[in-house]
Amino acid sequence: MKEKKIVINDKLSKKYVADVTVFCISQKKKDTPLLPEDLRKSDFAHAAELGDFKAGENDVMVSYVSGTSKKIQSKRVAYVGIGTISKDIGKDELLEKMRIAGGNIASLAKKATAEKICVVLPEISGKALQKKSVRGLTEGIILGEYTFIKYKTDKEVQKKSKAIKEIRFLAKHNLSSLRLEAVRAHIDALSACQARDMANEPGNGWNAESFARYGQELAAKYDLQCTVFDKKELTKMNMGGILAVNRGSDTPPQMVVVEYRASKKAPTVLLVGKGLTFDSGGISIKPAAGMEDMKYDMCGGAAVLAAMNVVGAEKPNCNVIAIVPATDNMSGGSAVKPGDIIQHYNKTTSEVINTDAEGRLILADALAYGIERYQPDFVVDLATLTGAVIMGLGHHHTGLLANDDELAQKLIEAGKGCGEPLWRLPLGKEYRKQLDSKVADIKNTGGKSAGAITAAEYLHSFVGDTPWAHLDIAGTAWDFTEKSYIPEGGPSGMCVRTLAAFLRRL
Ligand code: BES
Ligand code: MN
Ligand code: ZN
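Everything in this summary refers to the structure shown in the same document. On a predicted model such as this, the values are computed, not experimentally measured, just so you know.

## Overview of helix H2 (residues 91-111)
- With 21 residues, H2 extends 30 Å between its outermost C-alpha atoms, agreeing within 8% with the 30 Å of an ideal straight helix rising 1.5 Å per residue.
- Among the 21 residues of H2, 15 are classified as buried, and the element is accordingly described as predominantly covered.
- With its phi angle positive at about 40 degrees, Thr 113 sits one or two positions after the end of H2.

Pasting the structure below:
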């Protein structure tokens, strides 16, 4: 998705012809001071009288009477409801309402193949809340507009999906600070869309090397440092987890490291993302039904690199290192077998009980390496790690497991502000015991019960006391609870914006 031009104005102009001009209307006021008198008295009043437009969330009305307005020129006029906005509405609640409105605006823009849209902000008092409303709308429009049609050869499909080129907001006050907020939100949302693009690529369109290439592109674009470790180097480094998972594959593994340096004094955050480009389960092979979804098993890796896109653009005041161990999990003749014992970067040995519990094996190496090499103040890993987290939380919350309450709390708050809810699950030595192996230091599965927790406990044993949080996005990286700004069934770009918000506030 390309960058969009963002403009903020305080007046409607007859010279400017938008493909669609949208008025955001709240239920209580049923009005916005920027709605021209002639429009208010004509179709808007009429629809309200008939009860056809109630200004509730998800209420949308399109009209074609703009030629009759003396104030604006627009091919279409649309009214988008935002429900009730109470005086003491919380920032997070307002943000989510506006994101949803933004998603609705995107879908009507799509229908109209609009390139230029003008959005008239609702009247909301308070500078902070006005900023949030611009942020929410910008995110919602960009996230909601997203499609993945790269592999559609039908020319009609291509033609119909004209991207929005310009978003023009109309507000009464604080134009420059609103503009800055919109530009930032625009980067966050575009980055989440980049994570979706990576995820939407099938197993034969996105492999370990693709991650390396993306990391190098980021480094070149923002003057970051990118280091790629190939199979030979991983072997020298004793990255036994990554190598074991890769053994059944013809495609070599990569470990991609992208570094952003703010200053020596600033805190250092290590992000680690599972970059499993296709998970067949390996010798412990998965059932055929739904296996195609395992192309999404790289969403953690996609999220941390997409977050680096925000970091590169915004340059926050903390050092950030992103590591993506990348490989697929296949069942070729040399594949790792149940019962095999492998050795990780930090010398720990793992007994591989189930080759389908592969994510933790590659993360173990990356976590141990990253912590030793960078001595971070905080570690956050993201992974589509377990089916068990879907049993527990469904598709509505990302699982959060952490050895540090403060870090956990910060992530929960960041997630709340982004419409990406996290729910914390416990850790505990009782769970760690389920991973005791008779022959090695640890085994890679802990039996039927508490699968999301035992998976996290496995990772826990590779991070020690470093403040660490693990986000299990298996239930939310795709099939996330349907919202206007998230494509149904497809990848959500989960946690890219949450990571960005977390880093920004650090
Ligand atoms: N990538 C899967 C987890 C997954 C399953 C994500 C379904 C999204 C949807 C992971 O590698 C896996 O296979 N985990 C196993 C672990 C088990 C063998 C202990 C699982 O959850 O079944
Ligand atoms: Mn697996
Ligand atoms: Zn997996």
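## Brief notes about the coordination of the manganese ion (ligand 2)
- Within the protein, Asp 279 (OD), Asp 356 (O), Asp 356 (OD) and Glu 358 (OE) serve as the donor atoms for the manganese ion (ligand 2), at 2.1 to 2.2 Å.
- Between consecutive donor residues of the manganese ion (ligand 2), the sequence gaps follow D-x76-D-x1-E.
- In this model, the manganese ion (ligand 2) sits 3.1 Å from the zinc ion (ligand 3), the two metals being bridged by Asp 279.

## Focus: the packing of aromatic side chains
- Tallied over the full model, the rule gives 10 aromatic pairs.
- Consider the rings of Phe 53 and Tyr 79, whose centres lie 6.2 Å apart with planes at 55 degrees: the pair is tilted. Of this pair, Phe 53 sits in the loop between helix H1 (37-50) and strand E4 (60-63) while Tyr 79 sits in strand E6 (residues 77-81), and the two are 26 residues apart along the sequence.
- Residue Tyr 79 is classed as buried on the basis of its relative accessible area, which comes to 0%.
- With centroids separated by 4.9 Å and ring planes inclined at 45 degrees, the aromatic side chains of Tyr 296 and Trp 478 adopt a geometry described as tilted. Of this pair, Tyr 296 sits in the loop between strand E12 (275-279) and helix H9 (299-314) while Trp 478 sits in the loop between strand E20 (468-472) and helix H15 (496-505), and the two are 182 residues apart along the sequence. Considered together, Tyr 296 and Trp 478 belong to a single accessibility category, that of buried residues.
- Three or more aromatic residues link up through ring pairs in this structure, and these residues are Phe 23, Phe 44, Phe 53 and Tyr 79.

## Re the coordination of the zinc ion (ligand 3)
- Only Lys 274 (NZ), Asp 279 (OD), Asp 297 (OD) and Glu 358 (OE) from the protein coordinate the zinc ion (ligand 3), and they sit 2.0 to 2.4 Å from it.
- Because the angles between the six donor atoms bound to the zinc ion (ligand 3) fall within 77 to 176 degrees, the donor set is best described as octahedral.

## Focus on a nonpolar patch on the surface
- Taken together, the side chains of Val 60, Val 62 and Tyr 64 present a nonpolar region at the surface, about 280 Å² in accessible area.
- Looking at the secondary structure, you find Val 62 in strand E4.
- Its relative accessible area of 35% is what places Val 62 among the partly exposed residues.

## Details of the sheet that holds strand E14 (residues 341-343)
- Judged by pairing direction, the sheet is mixed, and its three strands sit side by side in the order E14-E15-E19 without closing on themselves. A strand with exactly one partner marks an edge of an open sheet, and here the two such strands are E14 and strand E19 (442-443).

Conventions used here
- Residues numbered from 1 in each chain as written.
- Chains lettered and ligands numbered in written order.
- Predicted model: local features only at pLDDT ≥ 70, side-chain atom pairs only at ≥ 80, totals over all residues.
- Heavy atoms only, no water.
- Helix = DSSP H or I, 4+ residues; strand = E, 2+ residues; numbered from the N terminus.
- Expected span 1.5 Å × (residues − 1).
- Buried < 20%, exposed > 50% of the residue type's maximum accessible area, 1.4 Å probe, protein only.
- Donors = N, O, S within 2.8 Å, 3.2 Å for Na, K, Ca; no water.
- Phe/Tyr/Trp six-rings, centres within 6.5 Å; stacked < 30°, edge-to-face > 60°.
- Tetrahedral: all angles 85-135°; square planar, octahedral: opposite > 155°, others 65-115°.
- Patch = residues over 30% accessible without salt bridge, like charges linked within 9 Å, V, L, I, M, F, W, Y side chains within 5 Å.
- Areas by Shrake-Rupley, 256 points an atom, 1.4 Å probe, with all protein chains shown as cover.
- Salt bridge = Lys/Arg side-chain N within 4 Å of Asp/Glu carboxyl O.
- Pairing = 2+ DSSP bridges.

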